[in-house]
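Residues per chain are reported as follows:
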Amino acid sequence: MNTKVLFVYYVPHPSHRGFAESIGADFWHYNHYFKGSRLPKIAKSGINGLLLPRYDVYLSEGGAPITPVAIKKHFSRNSIHINIIADETFMMIKETPEEMKDKYKGYVNLAHKFASKYIDGAIVVSKLAKESAEAFLDIPIRIVHPYIEEKMYERLSKVNPAIKSHNIISVGYGEHKGMDILVEAFKMVKKEVKDAALYIIGKGHPKEWNEIKDVHVEGYVNDLIPYFENASLFVQASRADTFPVSTLESLRAGLPTIVTEKTGTKEVIENLGKEFIRKVDAEDIAEGILYYFDLSDSEKRKLSLKAKKISKTFNKKEMCERFKEEFELLLEEVK
């Protein structure tokens, strides 16, 4: 492809890095200029947008880079803007849960909504992300799922989880991950299953949760494998989550996985059974956990094998090839 592409990133997410590399894109941080400056965010977005290098195509990652790329596109109308919709930006524009309003303030959603008018096409990571984006974008949209990093993929493939245990694991941080909801659900489960234990992986969680019997707040860990090996079930109690890779990793480890209806991975996990898709509600999540714990060991083992099977396609090679194909088709469609 001779078209010059600039990947305007925020993190970047490992999958997005791989996607951008697969199409030979150059890399540029959305806040390239004035990092650490006390200038208002809107001022920094404006300046960074005006000073973006001139490219044929801007591939932006998530919500943060949308505004500077929109500003650049306003003054460079021959360029094309493709957005990777992989965070909760459009879910928040549509409906912001009370617990997330500190991060997604009204003016943030308004800025994203305005800037999104300069998006020509999008690649989303799930059907859920597509549905939320379509409420605001009348543009071509294609779906490409993220993937599990190569070394982790291989290691997870060899994991044999402790299916007979009543150990639950969850990974992530931030209000959108719904860990507080999961803790409340676990309290209900604990009344029925005395040896149940919950392991929460990720930074920023209240240390007070450790005071709840058999809740283990582990913080950030370098290696998830021992936790996957020690668990019987993975739970993602998210309020808004387009396609968390942690749930792909849990499936690859052979862990049956419960997610909420606001978690994009539900389109994969529904293959385990409708009981594994729950409401964003502690009582309903607890019901799902108890359903699983009540299954026989042989039924759990079958679900574990099925989890490994349905996660097989989420490898770097397959997903990067698909991204490249979909990206090139999308460009043809929006030119």
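Everything discussed here concerns the structure shown above.
Predicted, not measured: the structure shown is a model, and the values here were computed from it.

(A) Spotlight on the overall build of the protein chain. A tally of regular secondary structure across the protein chain gives 14 helices and twelve strands. Here the C-alpha atoms of the protein chain give a radius of gyration of 21 Å, agreeing with the 20 Å that 2.2 N^0.38 yields for 335 residues. Summarising its shape, the C-alpha atoms of the protein chain cover approximately 65 × 40 × 35 Å along the three principal directions. Evaluated residue by residue, the protein chain yields a buried proportion of 57% over its 335 residues. Counting only contacts in the protein chain whose residues sit at least 6 apart along the sequence, the fraction spanning at least 24 positions is 63%. Carbon and sulfur atoms form 49% of the exposed surface of the protein chain, whose accessible area is close to 15800 Å². For the protein chain, the separation between the mean place of its 50 positive charges and that of its 48 negative charges on side chains is 3 Å.

(B) Here's a closer look at the side chain of Thr263. Along the polypeptide, Thr263 turns up in the loop between β11 (257–260) and α11 (266–269). With relative accessibility at 0%, the residue Thr263 sits in the buried group. A distance of 2.9 Å separates polar atoms of two side chains, one belonging to Thr263 and the other to Thr260. Among residues more than four places away in sequence, those in contact with Thr263 are Leu128, Gln236, Ser238, Asp241 and Pro244.

(C) Molecular detail of the nonpolar core. Ranked by internal contacts, the top residues of the largest apolar core, which has 80 residues, are Phe228, Ile289 and Phe327. Ranked by size, the runner-up nonpolar core spans 16 residues in total, among them Ala70, Tyr118, Ile119 and Ile143.

(D) Region of interest: the layout of surface pockets. Taken as a whole, the second largest pocket spans an internal volume of roughly 320 Å³. Around the second largest pocket sit 14 residues that line it, and Met91, Glu95, Arg239, Ala240 and Lys262 are the ones nearest its centre. At the level of secondary structure, the elements contributing two or more residues to the lining of the second largest pocket comprise α4 (89–94) and α6 (127–134). Split into classes, the residues belonging to the lining of the second largest pocket amount to six nonpolar, two polar and six charged.

(E) Fine view of the sheet that holds strand β1 (residues 5–9). Ordered in space as β2-β1-β3-β4-β5-β6, the six strands form an open sheet in which the pairing is parallel. The sheet is open, and its two edges are formed by β2 (26–29) and β6 (141–143), each paired on a single side. Averaged over neighbouring strand pairs, the angle between their axes works out to 25° when direction is ignored. Relative to strand β4 (residues 80–85), strand β3 (residues 57–61) is paired through five bridges, and the arrangement is parallel. Within β4, the position partnered with Ser60 by the bridge is Asn83. Packed onto the sheet, helix α1 (residues 14–22) meets β1, β2, β3 and β4 and runs at close to 140° relative to β2. Against the sheet, helix α3 (residues 66–75) makes contact with β1, β3 and β4, and its axis sits at roughly 170° relative to β4, the strand it touches most.

(F) Structural view of the pattern of salt bridges. Per the stated rule, a full pass over the model turns up 15 salt bridges. When the shortest N-O distance is used, the salt bridge between Lys187 and Glu184 registers 3.1 Å. Placement of both Lys187 and Glu184 in helix α8 (residues 179–192) is noted, with a separation of three residues, approximately one turn of the helix. Accessibility expressed as a relative area gives 34% for Lys187, which makes it partly exposed.

(G) Spatial organisation of unusual backbone geometry. For the bond running from Val11 to Pro12, omega is -15°, close enough to zero to count as cis. Along the chain, the position of Pro12 falls in the loop between β1 and α1. Unusually for a residue other than glycine, Asp214 sits at a positive phi of about 65°. Take Asp214: its relative accessible area is 25%, and that puts it in the partly exposed class.

Cut-off values and rules
- Residues numbered from 1 in each chain as written.
- Predicted model: local features only at pLDDT ≥ 70, side-chain atom pairs only at ≥ 80, totals over all residues.
- Heavy atoms only, no water.
- Helix = DSSP H or I, 4+ residues; strand = E, 2+ residues; numbered from the N terminus.
- Rg over C-alpha atoms; globule rule 2.2 N^0.38 Å.
- Buried < 20%, exposed > 50% of the residue type's maximum accessible area, 1.4 Å probe, protein only.
- Contact = heavy atoms within 4.5 Å.
- Areas by Shrake-Rupley, 256 points an atom, 1.4 Å probe, with all protein chains shown as cover.
- Lys, Arg positive; Asp, Glu negative; His and termini not counted.
- Charge placed at Lys NZ, Arg CZ, Asp CG, Glu CD.
- Polar contact = N/O pair within 3.5 Å; in protein donor to acceptor, adjacent residues only side chain to side chain.
- Core = buried A, V, L, I, M, F, W, Y, C linked by side-chain atoms within 4.5 Å.
- 1 Å grid on protein atoms, 1.4 Å probe; cavity = no way out; pocket = protein on both sides within 12 Å on 5 of 7 lines; lining within 4 Å.
- Points joined across faces, edges and corners; volume = space filled by probe spheres on them.
- Nonpolar A, V, L, I, M, F, W, Y, C, P; charged D, E, K, R; others polar.
- Pairing = 2+ DSSP bridges.
- Axes fitted to C-alpha atoms, helices over the stretch in contact; angles between N-to-C directions.
- Salt bridge = Lys/Arg side-chain N within 4 Å of Asp/Glu carboxyl O.

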